Amino acid sequence: QVFHLEDYKPTDFLIPETHLDFSLHPERTVVKSTLQIERRAGVASDAPLILDGDDLKLVDIRLDGAVLGDNAYIATPDRLEIRGLPENGAFTLEITTEINPTTNRQLTGLYRSSDVYCTQCEAEGFRRITYFLDRPDMLSVYTVRIEAERNEAPLLLSNGNPKDKGKLTNGRHFAVWHDPHPKPAYLFALVAGDLGVITDTFTTASGRHVDLGIYVEHGKEPRALYAMDALKRSMKWDEDVFGREYDLDVFNVVAVSDFNMGAMENKGLNVFNDKYVLADPDTATDTDYAGIEAVIAHEYFHNWTGNRITCRDWFQLCLKEGLTVYRDHEFSADMRSRAVKRIAEVKGLKAHQFPEDAGPLAHPVRPRQFREINNFYTSTVYEKGSEVVRMIRTILGPELFRKGMDLYFERHDGDAATIEDFIKVFEDASGEDLSQFALWYDQAGTPNLAITYDYDQATKTFEIEIEQSLKPTPGQTSKKPMHIPVQFALLGAKGRELKPRSAKGGLVKDDVIHLRKRKERFSFSGIPERPVPSLLRGFSAPVTLTSELTRTDLAFLARNDGDEVTRWQALTQLLNAKLTSNAKRVRGGKPATIENSSIKLLGEIAFNVTLDEAFRALCLSIPSESDIARELGANIDPDAILGSRDALISAVAEAHAGKFAQTYSELARVGSFKPDAAGAGRRALRNVLLDYLSVAESSSKRAATQFKNADNMTDRAAALGVLVQRFGDSDATNHALQAFEARFGNDPLVMDKWFVVQAMQPGNGALDKVRELMTHKLFSLDNPNRTRALIGAFSSGNQTGFNRADGAGYKFFAETILTIDKKNPQLAARLLTAMRSWRSFEPVRREHARESLANIARETGLSADVRDIVERTLA
Ligand code: ARG
Ligand code: ZN
């Protein structure tokens with residue numbers, strides 16, 4: 001079944017109040033739902049009430065207290081239809097269902113994870129608990145009573161504020177929660193179990209006292225302290241930067257170990273993948289800490305952008321997700337180094353969203369149709385959605401952007417809103433016409449800007465001509481020109497910014513070129529010397545550039561650009577040109593060639609102590625194998641790419657080994673571990689140097705020593721990575737892997753790093769390694785984190801190991817996807833997207849990939865989730 005945006009229709013009925021009564025039992029949980037229902041004005045009095053269900057078993061049903069006769073309703077596992085409703089259209093419906101949380105392996109609805117009952121209702125999981133109008137525009141005020149065995153579940157949590165609790169007979173007890181804020185069913189949550197907790201408090205700007213709690217497995221409480229700190233900083237930041245205060249008396253976060261995604265913003269009761277809560281120096285890397293900070297902030301920020309203002313329908317998903325990602329990006333930028341954070345975002349966007357936009361799964365930021373909404377929690381909706389919000393700010397400027405956001409909160413609080421509503425507040429706040437800009441929500445694909453320059457010495461005029469183009473994407477053949485903000489500077493000698501006297505041609509405001517036509521010329525007067533243009537500063541739009549900048553210009557920007565994003569981008573572009581041409585040479589049986597100039601440039605950056613260490617680390621990290629594959633775009637041969645990349649790394653390593661070693665030692669004196677940006681930067685730089693040095697020295701000794709002496713997981717995991725990547729099956733590597741397992745073997749979350757690092761081992765041997773690790777006692781295809789660590793890392797991260805020329809990687813993957821699909825369709829579908837770029841491989845691999853995809857598609861019992869992905873991928 002295909003759902004279309006144009007088909008949106010409000011419901012015939014409203015549910016102003018919902019009372020839920022849970023009697024928890026591992027296999028037979030009974031849910032009694034009491035709904036106050038009203039027919040909407042103007043709806044015919046014989047209109048039936050049709051509620052959504054999924055895999056439900058109806059036990060009892062009453063209308064205004066009376067048991068419904070068999071012919072008054074039709075109940076199937078996925079639908080409840082009631083006819084002959086009261087004339088006046090207002091009535092109470094009591095529905096009792098029975099569900100089994102233990103056998104629920106798809107992890108949506110109510111399920112049990114490590115003996116803890118928890119829920120995941122977004123997008124359509126609530127209908128697996130009880131029959132309901134399970135759609136985001138159906139707002140209701142919830143009261144929830146939970147009853148359970150006292151021993152099994154001393155803790156009983158739901159949304160909103162606690163109202164009542166008490167003991168019952170037979171060792172049972174109960175709690176009642178009330179959430180005064182009307183909300184859609186996807187924000188409902190319940191957690192019950194035996195968990196440890198850390199508590200804290202926060203007082204809002206207007207004086208509301210909020211009790212904070214983070215619930216984790218007993219014994220892991222100290223590992224939740226960083227998350228608590230991040231939560232309090234998020235609450236303060238949202239007040240300072242967006243004027244948004246928290247609105248309940250309690251805010252609870254629960255960490256669970258079986259979770260399909262990162263976390264979920266249920267009102268007042270966020271449920272998290274434990275990966276995004278638990279951290280201490282011994283078990284978490286700097287990346288883990290940054291991830292926790294970002295996800296805690298993201299879910300908290302949803303309280304306003306998502307919960308107080310929700311989405312009218314699931315086509316509007318980016319209304320809450322794109323905006324909330326934008327907010328968490330800004331939060332992290334304020335907490336850490338803005339430039340380094342921005343470069344990480346650009347890298348992420350290019351690594352994940354650009355390939356999505358360029359392949360068979362491309363879709364607009366706001367899709368117009370879907371078969372399975374769970375397949376649209378994508379990096380296009382999230383990350384490109386965030387870029388679109390960022391562009392609005394770039395176009396309007398910070399003051400008008402804030403004015404528009406204030407208007408959004410004021411006008412739409414309590415609404416289920418649309419993208420049109422969102423755009424309108426910025427138009428009203430600024431007086432600008434954003435109708436052309438709004439195409440960013442509708443047109444899929446990454447625009448390319450082809451840029452040419454012209455400097456006229458006589459008139460001191462510099463001209464930039466930009467032509468935008470956008471390739472067809474599935475379902476969209478012709479595209480209209482978009483409004484693209486290109487932030488820029490014209491650089492003179494030493495990177496000094498040359499301020500034009502005037503700008504003519506298209507619209508230029510301050511440092512932003514507003515490209516609005518297919519092809520436009522911008523002319524700048526009063527430019528005393530031939531400038532080098534620094535374009536797309538701060539990555540002001542999610543586009544690709546083809547410019548006629550020479551290698552000399554790029555090297556100039558890499559040395560002098562005052563904007564770190566364009567500076568890094570120039571260096572990357574230089575390296576990519578080399579890496580792709582060498583990959584082609586290697587594929588043709590020729591040796592890679594490397595000029596001294598690139599080696600020299602990388603050395604200058606590496607040793608430039610005026611630069612941030614994290615920035616130096618980013619510059620020294622040679623584009624990854626998948627980055628190079630993406631640059632090549634077609635006829636990809638991962639083995640040739642690996643050869644090209646290693647040739648560059650060796651050349652740089654050998655040329656600078658002495659100074660690298662010196663810097664590596666100097667950086668060792670960092671003092672005790674702190675998970676802040678500065679410390680993380682030093683560790684990042686030191687660890688990229690460790691890789692170069694291990695290559696230059698052709699010895700595992702340095703990495704083995706670092707592994708042994710590390711006093712934190714960042715350094716330990718980095719050393720282990722170098723050992724596995726560079727020294728494969730050596731004694732040193734095996735020894736380190738064993739030591740890691742001996743130490744962390746009872747902590748699955750930490751062991752995920754051990755699975756990942758081995759799944760990423762380059763070359764043909766990886767597949768057997770992965771097969772072997774699947775039999776490890778900690779491994780289980782029932783657990784999403786384990787599955788992603790091994791199968792996910794292998795398929796989406798191991799270029800040479802997965803994309804084997806004999807197709808064995810794809811064959812194994814297809815079989816594994818079918819196994820996972822039987823338990824957890826959402827997870828299977830998500831993993832399968834690893835094959836979305838199959839058409840860009842060289843013909844032999846491409847044919848193997850097609851065959852494996854076709855084998856999946858031929859399967860009869862596929863879930864809707866996997867069927868949707870596999871059919872679009874092959875289309
Ligand atoms: N709303 C959650 C978040 O972004 C993610 C929910 C994902 N749901 C899904 N069905 N994939 O924080
Ligand atoms: Zn979100």
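A short tour of the structure in this document, coming up. (Residues numbered from 1 in each chain as written. Chains lettered and ligands numbered in written order. Predicted model: local features only at pLDDT ≥ 70, side-chain atom pairs only at ≥ 80, totals over all residues. Heavy atoms only, no water.)

1. Description of helix H10 (residues 564-587)
- Taking 1.5 Å of rise per residue, 24 residues should cover 34 Å, and H10 covers 34 Å from first to last C-alpha, within 8% of that figure.
- N-capping of H10 is provided by Asp563, with a side-chain oxygen placed 2.9 Å from the backbone N of Val565.
- Just beyond H10, the residue with positive phi is Gly589, at close to 85 degrees. (Helix = DSSP H or I, 4+ residues; strand = E, 2+ residues; numbered from the N terminus. Expected span 1.5 Å × (residues − 1). Polar contact = N/O pair within 3.5 Å; in protein donor to acceptor, adjacent residues only side chain to side chain.)

2. Side note on unusual backbone geometry
- Here the amide bond leading from Glu122 into Ala123 is cis, since omega sits at 0 degrees, within 30 degrees of zero.
- Residue position: Ala123 is located in the loop between strand S11 (116-120) and strand S12 (140-149).
- Of note in the backbone geometry, Ser114 takes a positive phi value of approximately 45 degrees without being a glycine.
- Its location among the elements puts Ser114 in the loop between strand S10 (109-113) and S11.
- Judged by relative accessible area, Ser114 falls into the partly exposed class, the value being 47%. (Buried < 20%, exposed > 50% of the residue type's maximum accessible area, 1.4 Å probe, protein only.)

3. So, the pairing of strand S13 (residues 155-158)
- On S13, burial covers both faces: Leu155 and Leu157 on one face and Leu156 and Ser158 on the other are all buried.
- Of the strand pairs in this sheet, S13 and strand S16 (residues 190-193) are connected by 4 bridges, and their pairing is antiparallel. Paired with Leu155 across the strands is Gly193, a residue of S16. (Pairing = 2+ DSSP bridges.)

4. Focus: the pattern of salt bridges
- Counted by the stated rule, this structure contains 86 salt bridges.
- Lys341 serves as the salt-bridge partner of Glu345, at 3.4 Å between the closest nitrogen and oxygen. On the criterion of helical spacing, the pair formed by Glu345 and Lys341 is a turn pair, its members being 4 residues apart in helix H4 (residues 338-358). Take Glu345 and Lys341: they sit in the same class, and that class is buried.
- Where salt bridges share partners, they join Glu330, Asp334, Arg338, Lys341, Arg342, Glu345, Glu387 and Arg390 into one cluster. (Salt bridge = Lys/Arg side-chain N within 4 Å of Asp/Glu carboxyl O.)

5. Some thoughts on the site of ligand 1
- In the vicinity of ligand 1 there are 15 residues, among which Glu122, Glu265, Glu299, Asn374 and Tyr382 approach most closely.
- One nitrogen or oxygen atom from the side chain of Glu265 is found 2.7 Å from a nitrogen atom belonging to ligand 1.
- Glu321 places a polar side-chain atom, nitrogen or oxygen, 3.0 Å from a nitrogen atom of ligand 1.
- Contributions of two or more residues to the shell around ligand 1 are made by strand S20 (263-264), helix H2 (286-301) and helix H3 (317-335).
- Partitioned by chemical class, the residues of the shell around ligand 1 number 6 nonpolar, 4 polar and 5 charged. (Near = heavy atom within 4 Å. Nonpolar A, V, L, I, M, F, W, Y, C, P; charged D, E, K, R; others polar.)

6. Points about the nonpolar core
- Membership of the largest hydrophobic core comes to 277 residues, with the highest contact counts inside it found for Phe22, Leu93, Phe188, Val277, Phe422, Tyr441 and Ile464.
- It is helix H14 (residues 638-668) that provides the largest number of residues to this core, a total of 10 residues.
- Once you skip the residues sitting within four places of it in the chain, Phe422 turns out to touch Leu319, Leu323, Val389, Ile392, Met405, Tyr408 and Tyr441. (Core = buried A, V, L, I, M, F, W, Y, C linked by side-chain atoms within 4.5 Å. Contact = heavy atoms within 4.5 Å.)

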